[in-house]
Amino acid sequence: MNPALTSSPQWHALEAHYNDIRGIHLREMFAKNPRRGQELAVEGVGLYLDYSKNRIDGDTLGLLLNLAKSVDLPARVEAMFNGEKINLTEGRAVLHTALRAPRDASVLVDGQNVIPDVHAVLDKMAAFCERVRSGTWLGHTGKPIRNVVNIGIGGSDLGPVMAYEALRHFSQRDLTMRFVSNVDATDFVEATVDLDPTETLFIIASKTFTTIETMTNAQTARDWFLARVDGEESAIAKHFVALSTNAEKVAAFGIDTQNMFEFWDWVGGRYSMESAIGLSTMLAVGPDVFRRMLAGFHEMDQHFRTTPLEKNLPVIMGLLAVWYSNFFRAETTAVLPYDQYLKRFPAYLQQLTMESNGKYITTAGTEVDYDTGMIYWGEPGTNGQHSFYQLIHQGTRLIPCDFIAFGKSLNPIGAHQDILVANVLAQSEALAFGKTAEEVKSEGTAKWLVPHREFQGNRPSNTLFAEQMSPEVLGKLVALYEHSVYVQSVIWNIDAFDQWGVELGKVLAKKIIPELDASHSSDLNHDSSTNELIRRYRAMQ
C-alpha cells in the first residue's frame, strides 16, 4: 500500500472537513452566502469557470490547495514543462506542451532544443496541406484530391475525429473527411464505399508502423486502392502518406518517405492531436486555423504554468475531481457540451482521462489505498437531457457534471441559442437546488405522487462558459482537461503518461489470431472458457 497520501495531515484535514459539510445542502450554502455565485468563480484565457454549484464551502478549496502544495504540485508542473522525464516507467519526457509552443521558445530534451524540429514538421504539414487544398497535389491520373481517409486508432483517431467535428464550421467543404479506426472490416468498408480511389488520399497514422489494427486497415486500403487502379503500385506514392517514425517500413509499404511526417517519443498518443497526427485536421481546416488552435493550447499552457493555484482553472478542476473521487466516492463524471460541434469531445476525454489515470500502482511501485481515475462520459446537450439526465437527477449515484456552453452560436438561427443556453443553465440549477416536497405539494400534486416528483438536488456541477466556439477555444478546452488530469495524477502519485494496461490484451490477441483458423492443429492452452469460445468460432467459419 501507499500510506503516505492518506496518512498526511492535509488528507486528514480534508476527511474531517468532508464529515463536517457532507450533509449540508447547496440550498443552504447559497442562502448563507448571497455572493457565492460570484465568489466561487474564476476566469482565465477567455474561459469562465463557475464552480459555485459544487459541494464545497469557503474552506474546501484552501484545504485542497494545501494537499496540492504538500505534494509539491508547482514543482511537478515545472518538471513537465522543463522536459524532465516524468514518464517514469518509460523513461521519457512529456512535452505535448512543446507541440504548441511558439517558434522562439526553447524546450530542451537531453540538452537539445526540440522547438525547431516541431516547427519544421508543422511547416512541412502546412506546405503539403496547401497543395492538397488548392488542388495542385494531383493523384496518379491527374485528378485533385477530394477525399481524405485517416487510418489510425486511439490517439491517432480520437483526437483527429474530435477536432474535425469541433472545427467543421471552419473546414473546406469540398473535401470529404473519413476516419477508420476499428479493425472490424465494416469500419473500412463503410468509410470507402462511395469514394473514387483516384481522388482519395489515405493518411496512415502509426508511430512504429506496426500497430496491428492500423496496419491491418492500411493493408486493406492498399489492396482496395490497387484493385481499382489496375495494380499500379507506383500510384501509391500519390495517394498514401504516413504519420510515423519508421522510415524503413513506410518505404516498404510504398509510401514516399518525403511524405512521411514524424513525431517524437516524448509525445504520448492521447496528447498528440497537435503533432503530425493532426494532419487530417489541418487538411480539413487549413494551416491558419490549425495554428489558431495551437495558440489556444499555448494560452492555456501558460495559464496553467504561471497562474496562482487558487485562480488556476486546471488546478481547481483537478482538485475538485479528487474531492469527489476520494471523499464523496463518486465513480463517474459527466461532460456535457451544449454545442453540437463538440459532440465527440466526451469520447475524446475518455481516453485522455481514463488511459492516463486508470492506475493502481504509484510511481514508487506500491499499491494505492485510495481511488484513482474516475470514469468520464457524456453526450452533447440537449440530447442527453432526453436520455440519461434522469439518472443524474433522481438516481442513487452522485455524478458530478461539467457543463460547457457558449454565449454565441456559429450558426445563429432564430431562438435556437437562447433555448440551448436556457437549458444548460436550467439543468445546473435543477441539479443543485432540486425541488422540495413542499414545493411539489404547493402545485396541487396528489399526495401519492409527491415522492416521485420531488428532486433532492445537491448534485454538483461546474459550468464552463466561453463567448463562442473557435479554434482557439478548442485548444484551450483540450489543454484545460489535459492539465486537470495531470493535477489529479500528481495528487495520487501515479504516472499519467504510460498505459501498460492496454498491452496484455494485445499480446494475447496475437497468440489467439492463428488459433482461430480451423486448420490450426496445435492444442489450445487457454482457460476452459477461452478454449471453448475459440472452438465455437472455428465451427462458425
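Residues numbered from 1 in each chain as written. Predicted model: local features only at pLDDT ≥ 70, side-chain atom pairs only at ≥ 80, totals over all residues. Heavy atoms only, no water.

- The name recorded for the chain in an unreviewed UniProt entry is Glucose-6-phosphate isomerase, from Aureliella helgolandensis.
- Recorded under Subcellular location (unreviewed entry), the UniProt text for the chain is reproduced unchanged: "Cytoplasm". (UniProt positions renumbered as here; feature names shortened; annotations may be inferred.)

### A short note on the pairing of strand 7 (residues 200-205)
Reasoning step 1: Most of strand 7 sits out of view: six of its six residues are buried.
Reasoning step 2: Neither face of strand 7 is exposed, since Thr200, Phe202 and Ile204 on one face and Leu201, Ile203 and Ala205 on the opposite face are all buried.
Reasoning step 3: Pairing of strand 5 (residues 147-151) with strand 7, which is carried by five bridges, proceeds in the parallel orientation. Looking at the pairing, Asn150 lines up with Ile203 of strand 7. (Buried < 20%, exposed > 50% of the residue type's maximum accessible area, 1.4 Å probe, protein only. Helix = DSSP H or I, 4+ residues; strand = E, 2+ residues; numbered from the N terminus. Pairing = 2+ DSSP bridges.)

### Notes on the environment of Leu294
Reasoning step 1: Turning to its location among the elements, Leu294 is positioned in helix 14 (residues 287-306).
Reasoning step 2: Judged by its relative accessible area of 5%, Leu294 is buried.
Reasoning step 3: Put simply, Leu294 and Ala422 are 128 residues apart on the chain and 31 Å apart in space, counted from C-alpha to C-alpha.
Reasoning step 4: Apart from residues lying up to four places away in sequence, Leu294 is in contact with Leu99, Arg100, Leu122 and Glu274. (Contact = heavy atoms within 4.5 Å.)

### Re the sheet that holds strand 2 (residues 47-50)
Reasoning step 1: Sheet architecture is open: six strands sit in the order 1-2-13-12-10-11, paired in mixed fashion. Strands with a single pairing partner mark the edges of an open sheet, and in this sheet they are strand 1 (41-44) and strand 11 (375-377). The mean inter-strand angle of the sheet, taken between neighbouring strand axes irrespective of direction, is 20 degrees.
Reasoning step 2: As paired elements, strand 10 (residues 332-337) and strand 11 share three bridges and run parallel to each other. Counterpart to Thr333 in the pairing with strand 11 is Tyr376.
Reasoning step 3: Each of strand 12 (401-408) and strand 13 (461-468) is contacted by helix 18 (residues 416-433), which is oriented at about 150 degrees to strand 12, the strand it contacts most. (Axes fitted to C-alpha atoms, helices over the stretch in contact; angles between N-to-C directions.)

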